[in-house]
Amino acid sequence: MAQERTFHHGGMHPRDIGLDTMSSPIRNAFLPHFLYIPLLQHIGSPAEAVVSPGDIVSRGDVIGKASGYVSVDIHTPLPGRVVAIEDHVTATADKVPTVVIEVEGAFSLKGQRQENQQGWKSLSRDEILKRMKEKGLVGLGGATFPMHVKYAVPPGKKVTTLIVNAVECEPFLSADNRLVLEQADDLVTGIDIAMKTLGVDRTIVGFEADMPEAAKELQDRVKARRDIEVMIFAVKYPQGAEKQLIKAATGLEVPSGGLPMDVGVVVSNAGSLIALKEAIVDDKPLFERVVTVTGDAVQKPGNYKIVVGARVADILAEVGLKKKPARIILGGPMMGLAQYTDQVPVTKGTSGIMVLSRRRSAIYRHRPCVRCGKCIDVCPMGLMPLKLVTQIELVQDEAAKKLGMLDCIECGCCSAVCPSERHLAQTIKLGKLRHIAKKKEAAGD
Amino acid sequence: MIKYSSEDLVVSSGPHLRTKLRVPVVMWLVSTTLIPAIAWAGYAFGPWVLIVTAVSVLAAVLTEFVITLLLGKPQTVTDGSAFLTGLLVACNMPATEWGVLPLYVPIVGSIFAIAVAKHAFGGLGQNWINPALAGRIFVFFAWLPAMTGGWAGSPHFDAVSSATPLNMLKFRTGILPGDIQTTSDAVLGMHLSPTHGDLFFGMVPGCIGEISALALLVGGLILIVLKIVQWEIPLFYIASTALFSWIFGGLAVAGQPQAFFSGDALYHILSGGVILGAFYMATDWVTTPVSFGGRIIFGLGCGALTVLIRLTGSNVEGVSFAIVLMNITVPLIDRLFSPQRFGLPEGRGV
């Protein structure tokens, strides 16, 4: 195995606050009575409902059909009866059309392990891409970009390397770690399918140094393979961020404003590739995922396989609460989204559910900057958050753009270390949103 | 199952975990690490030292309270920043015998520090000059005799003298025949009463906070471990003081053959306020550069200016002026140093 590598500038190591779930095996969560399945769980246009209230659906049925190129199909994970199609809240607090299903009836056995594990090899590249879309595959790292778009290399672009992100994107989340540990064979097949689709002959699988078991499981299976390399990176947030991961693995920097493809790289999260294997080989649509449930208010933290459409309230009823929750976060502690209701459903992009008690949910006051420079020291993009924020607060968006506002990856390191508890990352996000809104307005006129 | 409702849920944008090293924690921690140095001065020079300290802290805190009240700003007395400023003003007052230093000196120093240096420019984070040093310099020029005379000897050790170590170095006073030979004797060819050991342990006259290098080093190292003090400033400050005083120190000592590379670097580092300045004054976040490279330049500049002022100026002490002069250059230094941005060609910052 290679020595410990990492990206060069910035980053931090959030304190371990005893929320670690790395050693807890994946368990199946209880099945909920009702499913709230949003028709938009990915970046792109929402799927169109193909069911109506009263319809009976069985496990794995398509309930939403992709409505354009950047869109994927949506499936129901459980059999039942469609009771409504209504607007329901999602993790981003937007209300989107949602299919509500009352779970009932028998399971038909769709999406089972196939006898013939090699059958996919006869599929062409286009057939694989088509299946990706039909099986609802998106990136499971959090951005939920449709996989068939990412893997369709446009003419003129050359991809040479696939990087598999087995680095946990956020502190205290361990779903990917557990998945690799428990389904290493599936990951290898997923990598093979991905490599065939991209037409690349080199794959780097990146782990963090604190997950040696998972790395070893994979290493044992690819020892004889010259085209798959396992790399161990230093434990440092945001090691799992796409650009930082590419830098650490290859030394290449994705240019400002560019995409990984500009340096010949495609990055996929390990969980996404396992889902890819299950979709292509086992014919199983993406309708459930492994979610790390943790936080100091949770009684039984761990990694749970949860069906898409289960509401947070259902999960919390199962894992139990030992303290009154004050923050429910979908995702991780750094970039996750705090929710105002527990009625929000788990979707394809939900990597974690974090429930924090009042004691860990302080409301941070935006105090004056004391110019300590810590935000500069930790910024993995080499930005100067303190200067950026000043410009954004003064509505000097052009100046902020020159300072690299649009390069911000919103990792939150700057806010996390700020002794004045300033809303640095938050303000930069605001600046970016304002910039996008302005651009839209200009385009509309 | 614990009951809760949506009203219990806090909604905020991430990150949801923050450092515990918040500004008030930092201020109180820094203040705490200064206590050994001040306590030592109190032991060595008697209770007037402690009275001066108490008065200057009280003046700073009251000024902060009144000003925030008058300006209708959120009350910031409890954030510890005024307390620390008061403490640092006290550290810059001469340690004297009972009643020798008039109490209006630290009071005016603290009021100037908080009211003018800090709040006139917009309060915490907006000041361009280290408030405590501004207060010290103000009273230094206002009451020169009080600030430069009346150094107390100590009943607790033998090095009784009314001159500070730097006075001795500069004006060749306090040279007592028959004293124990010291390293500085050998290097400087002259006879000084305090040995390096005296300087290190604080058995010399001086300002309240500067006399014991040992106590300051312990406090400073704690702050470095806690990442409150950014190590590059004290390191480069002390290193450049050592370098320049070694190169040029020998030129300025009265009554001996002048030569380059013959200065007593250790004597320069341990005497005067270099250690206090390097760990506690030059490391003030607000008035120092925000980038790593900038902080190195800042530390180097402080050391060079300290030695320049000590050797060629009319003052014996150069630390406060050196740091304040470097405070002025901070905006320029910050312009020079910006981090390498990810994804841009080498050397392209902002």
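Residues numbered from 1 in each chain as written. Chains lettered and ligands numbered in written order. Predicted model: local features only at pLDDT ≥ 70, side-chain atom pairs only at ≥ 80, totals over all residues. Heavy atoms only, no water.

Participant: Even after reading the chapter, I still don't get the overall build of chain A, so can you show me in this structure?
Facilitator: In terms of helices and strands, chain A carries 13 helices and 17 strands. A compact globule built from 445 residues would reach a C-alpha radius of gyration of about 22 Å, and chain A, at 21 Å, matches this within 12%. Among the 445 residues that make up chain A, the fraction classed as buried is 60%. If you sum the accessible surface of chain A, you get close to 17,300 Å²; carbon and sulfur atoms cover 53% of it. Measuring between centres, the 57 positive side-chain charges of chain A sit 4 Å from its 51 negative side-chain charges. (Helix = DSSP H or I, 4+ residues; strand = E, 2+ residues; numbered from the N terminus. Rg over C-alpha atoms; globule rule 2.2 N^0.38 Å. Buried < 20%, exposed > 50% of the residue type's maximum accessible area, 1.4 Å probe, protein only. Areas by Shrake-Rupley, 256 points an atom, 1.4 Å probe, with all protein chains shown as cover. Lys, Arg positive; Asp, Glu negative; His and termini not counted. Charge placed at Lys NZ, Arg CZ, Asp CG, Glu CD.)

Participant: Would you mind showing me how to read the interface of chain B and chain A here?
Facilitator: Interfaces are often sized by the amount of accessible area the parts lose when they come together. Contacts between the two partners involve 42 residues from chain B, matched on the other side by 72 residues from chain A. The contact between chain B and chain A buries some 4,900 Å² in all, and 57% of this surface belongs to carbon and sulfur atoms. When the area that chain B buries against chain A is broken down by residue, the three leading residues are B:His16, B:Arg18 and B:Phe342, summing to 20%. Linking chain B to chain A there are 5 salt bridges. Close ionic contact of B:Arg22 with A:Glu421 constitutes a salt bridge, the shortest N to O distance being 3.6 Å. The interface formed by chain B and chain A contains 28 residue pairs in polar contact (both at pLDDT 80 or more). Listing elements by their share of the side of chain B that touches chain A, those giving two or more residues are helix H1 (23-45) and helix H15 (319-336) of chain B. A per-class count over the side of chain B that touches chain A returns 21 nonpolar, 12 polar and 9 charged. (Contact = heavy atoms within 4.5 Å. Buried area = accessible area lost by both parts, 1.4 Å probe. Salt bridge = Lys/Arg side-chain N within 4 Å of Asp/Glu carboxyl O. Polar contact = N/O pair within 3.5 Å; in protein donor to acceptor, adjacent residues only side chain to side chain. Nonpolar A, V, L, I, M, F, W, Y, C, P; charged D, E, K, R; others polar.)

Participant: Can you help me understand helix H11 (residues 232-248) of chain B in this one?
Facilitator: Each turn of an α-helix holds 3.6 residues, which means side chains three or four residues apart point in the same direction. Its 17 residues give H11(B) an end-to-end C-alpha distance of 24 Å, which sits within 8% of 24 Å, the value for a rise of 1.5 Å per residue. Those residues of H11(B) that sit buried are B:Glu232, B:Ile233, B:Pro234, B:Tyr237, B:Ile238, B:Ser240, B:Thr241, B:Ala242, B:Ser245 and B:Ile247. (Expected span 1.5 Å × (residues − 1).)

Participant: What am I meant to see in the state of the cysteines here?
Facilitator: Disulfide: a covalent bond connecting the sulfur atoms of a pair of cysteines. Residues and elements named next belong to chain A. Tallying each qualifying case throughout the model produces 0 disulfides over all chains. Distance from the sulfur of Cys411, which forms no disulfide, to the nearest cysteine sulfur (Cys413) is 3.6 Å. By relative accessible area, Cys411 is classed as buried at 7%. (Disulfide = S-S within 2.5 Å.)

Participant: What's the story with the packing of helix H3 (residues 175-182) of chain A against helix H7 (residues 270-280) of chain A in this structure? I'm lost.
Facilitator: Angle between the axes and distance between the axes: these two values describe a pair of packed helices. Residues and elements named next belong to chain A. Interaxial distance between H3 and H7 falls to 9 Å at its minimum, and their mutual angle equals 45 degrees. In terms of orientation, H3 lies oblique with respect to H7. In this structure, H3 meets H7 at a crossing whose hand is left-handed. Across from Asp176, Leu179 and Val180 in H3, the residues of H7 making contact are Ala270, Gly271 and Ile274. Taken together, the residues of the contact of H3 with H7 sort by class into 4 nonpolar, 1 polar and 1 charged. (Axes fitted to C-alpha atoms, helices over the stretch in contact; angles between N-to-C directions. Parallel < 35°, antiparallel > 145°, perpendicular 65-115°, else oblique. Left-handed = near helix turned anticlockwise from the far one by under 90°.)

Participant: Would you explain the sheet that holds strand S15 (residues 325-330) of chain A in this entry?
Facilitator: In a beta sheet, neighbouring strands are held together by backbone hydrogen bonds and run either parallel or antiparallel to one another. Residue and element names in this part refer to chain A. Within the open sheet, the 6 strands sit side by side as S1-S14-S13-S17-S15-S16. Their pairing is mixed. Bordering the open sheet on either side are strand S1 (26-28) and strand S16 (337-339), each of which pairs with just one other strand. Ignoring strand direction, the axes of neighbouring strands in this sheet form an average angle of 30 degrees. Two elements, S1 and strand S14 (residues 302-307), share 3 bridges in a ladder whose sense is parallel. What sits directly across from Arg27, in S14, is Tyr304. (Pairing = 2+ DSSP bridges.)

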